[in-house]
Amino acid sequence: QVQLVESGGGLVQPGGSLRLSCAASGNIFSIYAWGWYRQAPGKQREKVAAIISNFRTEYGDFVKDRFTISREANEGAKTTMSLAMDSLAFEDTGVYYCSAGLDPRPTSYWGQGTQVVVAS
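Residues numbered from 1 in each chain as written. Predicted model: local features only at pLDDT ≥ 70, side-chain atom pairs only at ≥ 80, totals over all residues. Heavy atoms only, no water.

> Summarise the pattern of salt bridges; cite the residues concerned and give the values.
Counted according to the given criterion, the structure contains five salt bridges. The partner of Glu-58 in a salt bridge is Lys-47, with the nearest N and O atoms 2.7 Å apart. Highlighted residues: Glu-58 in strand 6 (residues 56–59) and Lys-47 in strand 5 (residues 46–52), separated in sequence by 11 residues. For Arg-66, the salt bridge is made with Asp-92, and the minimal N-O distance between the two is 2.7 Å. (Salt bridge = Lys/Arg side-chain N within 4 Å of Asp/Glu carboxyl O. Helix = DSSP H or I, 4+ residues; strand = E, 2+ residues; numbered from the N terminus.)

Right, dumping it as structure tokens:
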């Protein structure tokens, strides 16, 4: 089992920045892919970014070089994954979820989510 806890969400103005963090613990050595997903009101959950096999990164088309996913080196059975978000827009509003997976799709484990609101 892997436990994921997000933090760092909040209210930001358009054009602003936020950095989300995800504290991971447990059997992190089994994890092949880490990711961030988001769900806007009334919409389906979508993938924002992912780190595959510790080096390959993937981003949703809507990211357009605005976001950066990263993960720190393991400290025992713990690690921290981050999502740095710049040039935030209204449509980036939603609940952001940290995720981890045993295969290239990081969907085996989920955090509880952190709310991001972009508003002027």
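> Describe the state of the cysteines, naming the residues involved and giving the relevant values.
Per the counting criterion, the structure on display carries one disulfide. Here Cys-22 is linked by a disulfide to Cys-98, with a sulfur-sulfur distance of 1.9 Å. Between Cys-22 and Cys-98, the S-S torsion sits near -75°, and that sign places the bridge as left-handed. Residue Cys-22 is located in strand 3 (residues 18–26), and its partner Cys-98 is located in strand 9 (residues 94–101); the two are separated by 76 residues in the primary sequence. Both residues of the pair, Cys-22 and Cys-98, count as buried. (Disulfide = S-S within 2.5 Å. Buried < 20%, exposed > 50% of the residue type's maximum accessible area, 1.4 Å probe, protein only.)

> Any details on the pairing of strand 11 (residues 114–118)? Residues and values, ideally.
Side-chain alternation along strand 11 places Thr-114, Val-116 and Val-118 on a buried face and Gln-115 and Val-117 on a face that remains uncovered. For strand 2 (residues 10–12) and strand 11, the ladder comprises three bridges, and the chain directions are parallel. Residue pairing across strands places Leu-11 opposite Val-117, the latter belonging to strand 11. Pairing between strand 9 and strand 11: three bridges, direction antiparallel. Each residue of the ladder has a partner; that of Gly-94, found in strand 11, is Val-116. (Pairing = 2+ DSSP bridges.)

> Can you break down the sheet that holds strand 8 (residues 78–85) residue by residue, with the values?
Here we have four strands laid out as an open sheet, ordered 1-3-8-7, and antiparallel in their pairing. Looking at the sheet topology across the chains shown, the edges are occupied by strand 1 (2–7) and strand 7 (67–71). Averaged over all neighbouring strand pairs, the angle between strand axes comes to 15°, with direction disregarded. In this structure, strand 7 lies alongside strand 8, joined through five bridges in antiparallel fashion. Counted as the bridge partner of Thr-68 is Ala-84 from strand 8. (Axes fitted to C-alpha atoms, helices over the stretch in contact; angles between N-to-C directions.)

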